[in-house]
Amino acid sequence: MNYKKISCALFFAALTVNGFSQSKPAPKSKMDQYISSLMSKMTLEEKIGQLTQYTSDMALTGPSIRAGYKDDIQKGLVGSIFNAYTPAYTRQLQEMAVKNTRLHIPLIFGYDVIHGHKTIFPIPLGESSSWDLAAMEKSAHIAGAEASADGLHWTFAPMVDIARDPRWGRVAEGAGEDVWLGSLIAKARVKGFQGDKYDGTSVMACTKHFAGYGFVQGGRDYNIVDVSQRTLVETILPPFKATVDAGVGSFMTSFNELAGVPSTANKWLLTDLLKKQWGFKGFVVTDYTAINEMVNHGNVANDKEAAEAALNAGVDMDMQGAEFARYTKQSVAEGKVSVKTIDEAVRRVLEAKYKLGLFDDPYKYCNEDRARTEIMSQANLDAARDIARKSFVLLKNYQQVLPLKKSGSVAVIGPLGDDKRDMIGNWSGAGDWNKAVSLTEGIKNVAGNSVQVTYAKGANITDDANILRQLNNSGGDISVEDPEKLLKAAKDVASKADVIVLAVGESQGMTGEAASRSDISIPESQKRLMREIYTLGKPVVLVLFNGRPLTLEWEDAHFPAILETWFAGTEAGNAIADVLFGNYNPAGKLTITFPRSVGQIPVYYGMKNTGRPASPENKYSSKYLDIPNDPLYPFGYGLSYTTFTYRRPVLDKTTIKTTDKLNVSVTVTNNGNYDGEEVVQLYIRDMVGSVTRPLKQLRGFQKVFLRKGESKEIKFTLTNEDLKFYDVNMKYTSEPGDFKVFVGTNSRDTQEASFKLTI
Ligand code: NOJ
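Residues numbered from 1 in each chain as written. Predicted model: local features only at pLDDT ≥ 70, side-chain atom pairs only at ≥ 80, totals over all residues. Heavy atoms only, no water.

Chemist: Can you break down the domain arrangement of the protein chain residue by residue, with the values?
Modeler: Split into domains, the protein chain comes out as domain 1 (3–15 + 74–370), domain 2 (393–587) and domain 3 (644–758). Across the boundary between the two partners, domain 2 contributes 5 residues, which contact 6 residues of domain 3. In terms of surface lost to domain 3, no three residues of domain 2 exceed Pro403, Asn585 and Ala587, which account for 76% of the buried area on that side. For the pair domain 2 and domain 3, the interface holds 0 salt bridges. At the boundary of domain 2 with domain 3, the tally comes to 2 residue pairs in polar contact (both at pLDDT 80 or more). Of the residues contributing to the side of domain 2 that touches domain 3, the split by class is 3 nonpolar, 2 polar and no charged. (Domains from an automatic or database assignment. Contact = heavy atoms within 4.5 Å. Buried area = accessible area lost by both parts, 1.4 Å probe. Salt bridge = Lys/Arg side-chain N within 4 Å of Asp/Glu carboxyl O. Polar contact = N/O pair within 3.5 Å; in protein donor to acceptor, adjacent residues only side chain to side chain. Nonpolar A, V, L, I, M, F, W, Y, C, P; charged D, E, K, R; others polar.)

Chemist: I'd love a proper account of the environment of Asp686, names of residues and values included.
Modeler: Mapped onto the elements of the fold, Asp686 is located in strand 21 (residues 676–686). Among the residues examined, Asp686 registers a relative accessible area of 3% and is labelled buried. It is 6.7 Å that separates the C-alpha atoms of Asp686 and Lys740, two residues lying 54 residues apart in sequence. Excluding residues within four positions of it along the chain, Asp686 makes contact with Arg693, Phe725, Asp738 and Phe739. (Helix = DSSP H or I, 4+ residues; strand = E, 2+ residues; numbered from the N terminus. Buried < 20%, exposed > 50% of the residue type's maximum accessible area, 1.4 Å probe, protein only.)

Chemist: Give a detailed account of the pattern of salt bridges, specifying residues and quantitative values.
Modeler: Taken as a whole and judged by the stated rule, the model has 47 salt bridges. The residue Arg693 makes a salt bridge to Glu234 at a minimum N-O spacing of 3.2 Å. You can see Arg693 sitting in the loop between strand 21 and strand 22 (697–706) and its partner Glu234 sitting in helix 9 (residues 229–236), a full 459 residues away along the chain. Of the charged contacts, one joins Arg385 and Asp578 as a salt bridge, the two residues approaching to 2.8 Å between their closest N and O atoms. Separated by 193 residues along the polypeptide, Arg385 in helix 17 (residues 378–391) and Asp578 in helix 23 (residues 572–580) bring together distant segments of the chain. Connected through shared salt-bridge partners, Asp132, Arg385, Asp386, Arg389, Lys390 and Asp578 make up one network.

Chemist: Could you give an account of the nonpolar core, naming the residues involved and the relevant values?
Modeler: Counting residues in hydrophobic clusters, the biggest one holds 180 residues, and the most contacted among them are Phe210, Ile413 and Leu580. Here this core spans two domains, and each of domain 1 (3–15 + 74–370) and domain 2 (393–587) adds at least three residues to it. The next biggest cluster of nonpolar side chains, apart from the first, holds 23 residues, and it includes Leu651, Val680, Phe716 and Phe755. (Core = buried A, V, L, I, M, F, W, Y, C linked by side-chain atoms within 4.5 Å.)

Chemist: Describe the sheet that holds strand 9 (residues 283–285), and please don't skip the residues or the numbers.
Modeler: Here we have 3 strands laid out as an open sheet, ordered 5-6-9, and parallel in their pairing. Either end of the sheet is taken by a strand with one partner, and the two such strands are strand 5 (206–210) and strand 9. Sheet twist, expressed as the average angle between the axes of neighbouring strands with direction ignored, equals 25 degrees. The pairing of strand 5 with strand 6 (residues 250–253) spans 3 bridges and is classified as parallel. (Pairing = 2+ DSSP bridges. Axes fitted to C-alpha atoms, helices over the stretch in contact; angles between N-to-C directions.)

Chemist: If you had to explain the pairing of strand 12 (residues 409–413) to someone new, which residues and values would you point to?
Modeler: Counting buried residues in strand 12 gives 5 out of 5 residues, a clear majority hidden from the surface. Burial along strand 12 is two-sided: the face carrying Ser409, Ala411 and Ile413 and the face carrying Val410 and Val412 are both buried. A crossover links strand 12 with its parallel partner strand 13 (residues 452–456), the connecting element being helix 18 (residues 439–447), and its sense is right-handed. Of the strand pairs in this sheet, strand 12 and strand 14 (residues 499–505) are connected by 4 bridges, and their pairing is parallel. In the strand pairing of strand 14, Ala411 is matched with Ile500. (Right-handed = clockwise from strand over helix to strand, strands pointing away.)

Chemist: Can you break down the packing of aromatic side chains residue by residue, with the values?
Modeler: Summed over the entire model, instances satisfying the criterion amount to 30 aromatic pairs. Look at Trp168 and Tyr213: their rings are 4.9 Å apart centre to centre, the planes differ by 75 degrees, and that puts the pair in the edge-to-face class. Here Trp168 is found in the loop between strand 4 (154–155) and helix 8 (179–194), whereas its partner Tyr213 is found in the loop between strand 5 and helix 9, with 45 residues between them in sequence. Note that Arg164 overlies the ring of Tyr604, its terminal NZ or CZ placed 4.3 Å from the centroid. One residue, Lys208, lies across the ring of Trp427, its end atom 5.6 Å from the ring centre. (Phe/Tyr/Trp six-rings, centres within 6.5 Å; stacked < 30°, edge-to-face > 60°. Lys NZ or Arg CZ within 6 Å of the ring centre and 35° of its normal.)

Chemist: Go over the site of the ligand, please, and point to the residues and values.
Modeler: Within the structure, the ligand sits among 14 residues, and Thr61, Asp112, Arg170, His209 and Asp287 are positioned closest to it. The separation between an oxygen atom of the ligand and a polar side-chain atom of Lys208 is 2.8 Å. Contact with the protein chains removes 100% of the 300 Å² of surface that the ligand exposes when unbound. (Near = heavy atom within 4 Å. Areas by Shrake-Rupley, 256 points an atom, 1.4 Å probe, with all protein chains shown as cover.)

Chemist: Which residues make up the sheet that holds strand 19 (residues 655–657), and what values do they have?
Modeler: Taken in spatial order, the 5 strands make up an open sheet running 19-27-26-21-22, and their pairing is mixed. Only two strands of the sheet have a single neighbouring strand rather than two, namely strand 19 and strand 22. Taking each pair of neighbouring strands and ignoring which way they run, the sheet shows an average axis angle of 25 degrees. Pairing of strand 21 with strand 22, which is carried by 9 bridges, proceeds in the antiparallel orientation. Considered in strand 22, the bridge of Glu678 is made with Val704.

Chemist: Describe unusual backbone geometry, and please don't skip the residues or the numbers.
Modeler: Cis geometry is adopted by the peptide bond preceding His209, which originates at Lys208 and carries an omega value of -5 degrees. Following the sequence through the fold, His209 ends up in strand 5. In this chain, Phe210 is followed by Ala211 through a cis amide linkage whose omega measures 5 degrees. Considering the arrangement of structural elements, one finds Ala211 in the loop between strand 5 and helix 9. Positive phi values are uncommon outside glycine, yet Ala259 reaches one of about 50 degrees. Position of Ala259 relative to the elements: it lies in the loop between strand 7 (257–258) and strand 8 (261–262). By relative accessible area, which is 48% here, Ala259 ends up partly exposed. Despite not being glycine, Met730 shows a phi value in the positive range, around 60 degrees.

Chemist: Got a sec to walk through the packing of helix 13 (residues 303–313) against helix 14 (residues 323–333)? Specific residues and values, please.
Modeler: Running from N to C, helix 13 and helix 14 point in directions that differ by 85 degrees, and their axes come no closer than 9 Å. Relative to helix 14, the element helix 13 is oriented roughly perpendicular. Between helix 13 and helix 14, the contacting residues are Asp303, Lys304, Ala307, Glu308, Ala310 and Leu311 on the first element and Glu323, Phe324, Tyr327, Thr328, Gln330 and Ser331 on the second. Residue composition of the contact of helix 13 with helix 14, grouped by class: 5 nonpolar, 3 polar and 4 charged. (Parallel < 35°, antiparallel > 145°, perpendicular 65-115°, else oblique.)

Chemist: Which residues make up the confidence of the model for the protein chain, and what values do they have?
Modeler: Of the residues in the protein chain, 97% reach a pLDDT of 70 or more, and the chain-wide mean stands at 95. Low confidence marks residues 1–22, where pLDDT is under 50. Its contacts with residues over four positions away, or in another chain, come to 37 contacts. (pLDDT = per-residue confidence, 0-100.)

Chemist: Describe the layout of surface pockets, naming the residues involved and giving the relevant values.
Modeler: Counted as a void, the second largest pocket has a volume near 1,400 Å³. Along its surface, the second largest pocket is lined by 50 residues, and Val179, Val233, Glu234, Thr235 and Pro238 are the ones closest to its centre. Going through the elements one at a time, helix 1 (3–18), helix 8, helix 9, helix 10 (238–245), strand 22 and strand 24 (725–726) are the ones with two or more residues in the lining of the second largest pocket. Here the residues of the lining of the second largest pocket are counted per class, giving 23 nonpolar, 10 polar and 17 charged. (1 Å grid on protein atoms, 1.4 Å probe; cavity = no way out; pocket = protein on both sides within 12 Å on 5 of 7 lines; lining within 4 Å. Points joined across faces, edges and corners; volume = space filled by probe spheres on them.)

Chemist: Tell me about helix 17, and please be specific about residues and values.
Modeler: Taking 1.5 Å of rise per residue, the 14 residues of helix 17 would be expected to cover 20 Å, and the 20 Å separating its terminal C-alpha atoms lies within 8% of that figure. For helix 17, the full list of buried residues reads Asn380, Leu381, Ala383, Ala384, Ile387, Ala388, Arg389, Lys390 and Ser391. Contacts from the buried residues of helix 17 go to helix 6 (124–128), helix 7 (133–149), helix 16 (368–374), strand 11 (393–397), helix 23 and strand 22. (Expected span 1.5 Å × (residues − 1).)

Chemist: Got a sec to walk through the side chain of Ser621? Specific residues and values, please.
Modeler: Tracing the chain through its elements places Ser621 in the loop between helix 23 and strand 17 (644–646). Given the relative accessible area of 11%, Ser621 is considered buried. When neighbours within four sequence positions are excluded, Ser621 is seen to be in contact with Arg612, Pro613, Ala614 and Ser615.

And the structure:
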């Protein structure tokens, strides 16, 4: 099978669908003329410099720092610096480039502004649980505005990797498991970061990690990826394409290999697909030392070959590897890399600088005034609190334990109950955790003097010395105290309170990059605390802090109320307290499935049927002996303080042609005791396809507000686009036949209707 040939054919089909067509070359723009003139003066060394990026020593997000990078800047051998911010520091480095180099070309400053710059928003997975695209766009916009005031031009976000393995720590950085929703969120985030134009108050976005990183084997970070072409095309690539359509300025390669070729050397991926077929106009940066790592992958014999493979594949900038700097001049002399290839890469990098306005004013983004007034402004903090509340998912609320009354006494128990560092989560680079609001502080702020609030830690995050050592070696600051004393003190405090708020989960370092876990339950130290608190027989509200789905069967069986809060950012404590005391009615819905146990992975809502669907009576059917097939909490799941009832969905036609629109309506009633919001979800199933189709695919949602007692008719429209998929010949099309439509409150609890598609 010729991989390249099939793939190309496949993606030409995709292009037709997406309406991309090669247009005639436009007359030379002002930007083209400026860059051509600049490039005509550049030496090969200076060109290679533009393709070279180094980390500053202000922060470290990978294994190495290049000594002497400042000398390199002054010699014109660097095009970009990352991990440097603040107007003062970026100005200092920019001056080195602009004043001391022959051609005065400004640097472009990048940074991992993932979920906020200094005002920290919930981790991206948490934010995605809001199903609120406008709110996600706004949070990215604020992050970009703060970053741009702080000397930055470019964020290494969004991460759009579809992720279905909760062992992988980086599920925290994405939008969950669904391709359709993930693509919408990817677009919203790009629009948010970049704004309508680069006017100095937004930053360039970077779609990452291209491609397949979410499918690392065993959920182990940096591991290899081996997926079918169908999975690549149907599941992995669409959110990437969505960001190209949204005008994203840059792409980052992924660490992993794909079909045996590391992404950073994958010409088909970077050039044929991304640049040629999708028409991506920005530049491609590698991930941190991804070029050097090819030697370990084993597709090249040495660093020089790695650099050549990357350039020839379509990489435009080497992040931190220094391999272009070391070898490319020689490779050009030997004819291993053409000057044309170098020129194309340089042009893409210079165009980004031009579009950002750096040639007009290299200090445009070093804005002390804006940094002082805009960063962590009250408006930004209010927005952070608002989206934090939107991101929480109420997993259980037996007999309406929540919301709590604003009277009596509350004991906050648990290692995350009065913690600040973890609130801002992982990848909160410039965030100041001292400014975060802990849960206990939030409860005091929101409940005021009418509630007596006490706190006890109860347990260490973990007592596992090996894990603690690793967390603390990589920037963690986890203190460990005598577990017996902690437990005893917590029981004393808890036994005196009317209600216990049990704050448990992961510390921020247990999620994110290089934080894979084979056991995704709450650590044993905290399990012991939970068991002991349970025996007190008091009402317990479990408040979870975590960056991935956890296995929670015991917790679900023993505690009446469970609130998932992820790592909610600077305003975490206030936002959680808003929900606990009913100032805000939670409406978040999971965007990633919570399995019952690690043994169920992979488990996601869009799975396909087997030839032997599970049946309790039939031994020879697809099931486990020890657990059901369904997860603990399915995709789309989340409760409210009120209850919503759904009538059956009504279709306006039972047969449609490809040119028709199908209107689906459903009446939803709030028949509980609170006003509230509901995410009404619509899924489809193509009953028979030339290739097998998933049991459900999300194709619509609406977040609606209903006063108590109110009913609303919610309307969706499906078109032929919603029914298309890559058929057996890899043609993107719909196929005539029977379909089902499901509407409901989550991917499991739905009601259905049917229709037929005819030609
Ligand atoms: C490695 C990570 O994979 C990537 O997401 C990040 O942007 C870079 N390091 C830079 O910090």
